[in-house]
Amino acid sequence: MSDGCVFCRIIAGGIPATLVASNAHGVAFRDLHPQAPSHVLVIPRRHVASLAEATDAAELGALLLLAGEVARTEGLVETGYRVVANTGHDGGQTVHHLHLHVLGGRAMHWPPG
Ligand code: 5GP
Ligand code: ZN
């Protein structure tokens, strides 16, 4: 737990969130400001600031598997979806607790803005 980290507070139950799925390493919940019909965040239970600080392959693997599970339960597999880890300033990261965005339900654009 990192003091002042909004996602640590969600993990601890101090801030409500709509849980979608979880496993031993991570939790998935709906984004507060969805950017697509389906927009779920997958985060590690431990505080890891970003992908740049991540070192645990088992943890990262479990988060990716959880993202895949979310896509299945959200019904996105047939139409497709996007998994994004905004990292650091230029990546547009605003919450400094590692998270994967799982976005789907509409066609995504490339390149991203
Ligand atoms: P970033 O910009 O760091 O890649 O993504 C952070 C995401 O967290 C944003 O999409 C934002 O809407 C979401 N977010 C920020 N605060 C909260 C919160 O308290 N609850 C939920 N569910 N999502 C949040
Ligand atoms: Zn945190």
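Residues numbered from 1 in each chain as written. Chains lettered and ligands numbered in written order. Predicted model: local features only at pLDDT ≥ 70, side-chain atom pairs only at ≥ 80, totals over all residues. Heavy atoms only, no water.

Engineer: Account for the nonpolar core, naming residues and giving values.
Structural biologist: Counting residues in hydrophobic clusters, the biggest one holds 15 residues, and the most contacted among them are Ala28, Val42, Val70 and Val102. Broken down by secondary-structure element, the contributors of at least two residues to this core are β3 (38-44), α2 (57-73) and β5 (100-104). With five residues, the single largest contributor to this core is α2. Among residues more than four places away in sequence, those in contact with Val102 are Ser38, His39, Val40, Val42, Ala67, Val70, Leu76, Tyr81, Arg82 and Val83. Val27, Phe29, Leu41 and Ile43 belong to the second largest nonpolar core, which has nine residues in total. (Core = buried A, V, L, I, M, F, W, Y, C linked by side-chain atoms within 4.5 Å. Buried < 20%, exposed > 50% of the residue type's maximum accessible area, 1.4 Å probe, protein only. Helix = DSSP H or I, 4+ residues; strand = E, 2+ residues; numbered from the N terminus. Contact = heavy atoms within 4.5 Å.)

Engineer: Explain the coordination of the zinc ion (ligand 2) to me, and be specific about the residues and the numbers.
Structural biologist: Looking at the metal site, the zinc ion (ligand 2) is ligated by Cys5 (SG), Cys8 (SG), His47 (ND1) and His97 (ND1), spaced 2.0 to 2.3 Å from it. Around the zinc ion (ligand 2) sit four donor atoms, and with donor-metal-donor angles ranging over 105 to 116 degrees the site reads as tetrahedral. All donors to the zinc ion (ligand 2) come from one chain, and their sequence spacing reads C-x2-C-x38-H-x49-H. In this pair, Cys8 is assigned in helix α1 (residues 6-12) and His97 in the loop between α3 (88-91) and β5, connecting sequence segments 89 residues apart. Assessed through its relative accessible area of 0%, His97 is described here as buried. (Donors = N, O, S within 2.8 Å, 3.2 Å for Na, K, Ca; no water. Tetrahedral: all angles 85-135°; square planar, octahedral: opposite > 155°, others 65-115°.)

Engineer: Help me get a handle on the environment of Glu69, residues and values and all.
Structural biologist: Assignment of secondary structure puts Glu69 in helix α2. The partly exposed category is assigned to Glu69, whose relative accessible area is 30%. Once the C-alpha coordinates of Glu69 and Leu41 are considered, the two residues, 28 residues apart in sequence, prove to be 12 Å apart.

Engineer: How would you explain the pairing of strand β1 (residues 19-22) if you had to name every residue and give the values?
Structural biologist: Direction of pairing for β1 relative to strand β2 (residues 26-30): antiparallel, over a ladder of three bridges. Counted as the bridge partner of Ser22 is Val27 from β2. Between β1 and β2, which follow one another and run antiparallel, lie three residues. (Pairing = 2+ DSSP bridges.)

Engineer: How would you explain the packing of aromatic side chains if you had to name every residue and give the values?
Structural biologist: Counted according to the given criterion, the structure contains one aromatic pair. Their ring planes at 80 degrees and their centres at 5.5 Å tell us that Phe7 and Phe29 sit as a pair that is edge-to-face. Of this pair, Phe7 sits in helix α1 while Phe29 sits in strand β2, placing them 22 residues apart in sequence. Since its relative accessible area comes to 7%, Phe7 is described here as buried. (Phe/Tyr/Trp six-rings, centres within 6.5 Å; stacked < 30°, edge-to-face > 60°.)

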